[in-house]
Amino acid sequence: MALSENTRGALLMAISMAGFTFNDALTKSVTAELTVAQIMFVRGAFTAVLVYIVARRMGALDHIKNILQPLILIRIAFETVAAVAFLAALGQVPLANASAILQSLPLAVTLGAALFYKEPVGWRRWTAIGLGFIGVLVIIQPGPEGFTLASLYIVFCVITAAGRDLVTRRIDPSISSLSVTLFTAASISFAGLLLIPVFGGWQPMSGSALGKLAFASIFLFAGYQAIIMAMRTGEISFIAPFRYTSLLWAVLLGMLFFGEVPDIWMVVGAAIVIGSGLYTFYRESKRKAALARRADPASPG
């Protein structure tokens, strides 16, 4: 039986989240051995080579003049800073906690779109955004008992990733996604190379660590491609909530490979963040449906 567009899109989104989370788990497993800069350099290089091979075979490489645009350069800057912040925290924060905080990204993007693009946000969504950020505070426990500075790195990663997504909305749609991904991966790898002296120099790298980063780059690439395909398939309001499946993977992988058992604060905070995000998606879908009806009064519903 053929899958509907929405079902295919939801499946692709779930695959994407699994890819990103497996990448995070593999990367986390080498943080005790390698510096942040080394991880950025090696994983970025693997990813860039993989994307280049696929993009070349598909004929999806844009001319370098099309890529060297201010918006793409700004996007890469946001992506690079987000990568540094996330990797700096990954070795110190449980995988599930990091994933739970990252679930606030859609709320941050909605907030940014309202502030910088003047997109309409009603009081219900403002309330949901506020509750979502309270959920983040519950997770990071900003007090002497449970707080770690690494948690703030993840919050900063959310802020810069939201900036990346907001800038991405303004990039010329004629530029292929593979070209943007390739240039981004290569730039992050180069940034990692430049930062190696800052992070204490080159550390000896075992074959095991090299292999883990190679597999991490494959999962990262799969995640990028699956999420692009997901967002181009079916209704975004139906597909977007499946991004929260990444938290299930993070909890499972954290328990299996790192012995990390989520505490009650993570569970409560994640529930608040996810509930707020789901409500935001719901309100956004209702707003778009209302706009569509106004644009086409003859449409049913």
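In the nomenclature of an unreviewed UniProt entry, the protein is known as DMT family transporter of Rhizobium rosettiformans.

A. Just helix H9 (residues 177–195), in detail. Taking 1.5 Å of rise per residue, 19 residues should cover 27 Å, and H9 covers 27 Å from first to last C-alpha, within 8% of that figure. Listed in full, the buried residues belonging to H9 are Leu178, Ser179, Val180, Thr181, Leu182, Thr184, Ala185, Ser187, Ile188, Ser189, Ala191 and Gly192. Summarising the contacts, the buried residues of H9 are in contact with helix H2 (36–58), helix H3 (64–67), helix H4 (70–90) and helix H10 (207–231).

B. Representation of the UniProt feature "domain: EamA" (unreviewed entry) in the protein in the model. According to UniProt, the feature "domain: EamA" (unreviewed entry) maps to residues 8–140 and 151–276 in the numbering used here. A helix fraction of 80% and a strand fraction of 0% characterise residues 8–140, whose end C-alpha atoms lie 35 Å from each other. Spanning residues 151–276, this segment combines 74% helix with 0% strand, and its end C-alpha atoms are found 20 Å apart.

C. The packing of helix H1 (residues 5–28) against H10, seen in detail. Running from amino to carboxyl end, H1 crosses H10 at an angle of 155 degrees, the nearest separation of the two axes being 7 Å. In this view, H1 runs roughly antiparallel relative to H10, as classed from their interaxial angle. For the pair H1 and H10, the sense of crossing is left-handed. Where H1 approaches H10, its residues Gly9, Leu12, Met13, Ile15, Ser16, Met17, Gly19, Phe20, Phe22, Asn23, Leu26 and Thr27 are matched on the opposing element by Lys212, Phe215, Ala216, Phe219, Leu220, Gly223, Tyr224, Ala226, Ile227, Met229, Ala230 and Met231.

D. View of unusual backbone geometry. A positive phi angle, close to 60 degrees, is found at Lys118, a residue other than glycine. With respect to the helices, strands and loops of the structure, Lys118 is situated in the loop between helix H6 (105–116) and helix H7 (123–140).

E. Representation of the packing of H2 against H10 in the model. The geometry of H2 relative to H10 is characterised by a closest axis approach of 9 Å and an angle of 50 degrees between their N-to-C directions. In terms of orientation, H2 lies oblique with respect to H10. By crossing handedness, the relation of H2 to H10 is classed as right-handed. Residue-level inspection shows Ile39, Val42, Arg43, Phe46, Thr47, Leu50, Val51 and Val54 of H2 in contact with H10, the latter providing Leu210, Leu213, Ala214, Ala216, Ser217, Ile218, Leu220 and Phe221. Looking at the contact of H2 with H10 residue by residue, the classes come out as 13 nonpolar, 2 polar and 1 charged.

F. Structural context of the pattern of salt bridges. By the definition in use, this model includes 7 salt bridges. When the shortest N-O distance is used, the salt bridge between Glu260 and Lys28 registers 3.4 Å. One end of the pair, Glu260, is in the loop between helix H12 (245–258) and helix H13 (264–295); the other, Lys28, is in helix H1, with 232 residues separating them in the sequence. Taking relative accessible area as the criterion, Lys28 reaches 8% and is therefore assigned buried. Taken together, the shared-partner salt bridges in this structure form one network comprising Arg75, Glu79, Arg164 and Asp165.

G. Seen up close, the layout of surface pockets. If you add up the space inside the second largest pocket, you get close to 350 Å³. Lining the second largest pocket are 21 residues, with Ala108, Leu111, Val158, Ile159 and Ala162 sitting closest to its centre. Elements supplying a minimum of two residues to the lining of the second largest pocket: H6, H7 and helix H8 (149–168). Element by element, the count of residues in the lining of the second largest pocket is highest for H8, at 8 residues. Here the lining of the second largest pocket is composed, by residue class, of 18 nonpolar, 3 polar and no charged.

What counts and how
- Residues numbered from 1 in each chain as written.
- Predicted model: local features only at pLDDT ≥ 70, side-chain atom pairs only at ≥ 80, totals over all residues.
- Heavy atoms only, no water.
- Helix = DSSP H or I, 4+ residues; strand = E, 2+ residues; numbered from the N terminus.
- Expected span 1.5 Å × (residues − 1).
- Buried < 20%, exposed > 50% of the residue type's maximum accessible area, 1.4 Å probe, protein only.
- Contact = heavy atoms within 4.5 Å.
- UniProt positions renumbered as here; feature names shortened; annotations may be inferred.
- Axes fitted to C-alpha atoms, helices over the stretch in contact; angles between N-to-C directions.
- Parallel < 35°, antiparallel > 145°, perpendicular 65-115°, else oblique.
- Left-handed = near helix turned anticlockwise from the far one by under 90°.
- Nonpolar A, V, L, I, M, F, W, Y, C, P; charged D, E, K, R; others polar.
- Salt bridge = Lys/Arg side-chain N within 4 Å of Asp/Glu carboxyl O.
- 1 Å grid on protein atoms, 1.4 Å probe; cavity = no way out; pocket = protein on both sides within 12 Å on 5 of 7 lines; lining within 4 Å.
- Points joined across faces, edges and corners; volume = space filled by probe spheres on them.

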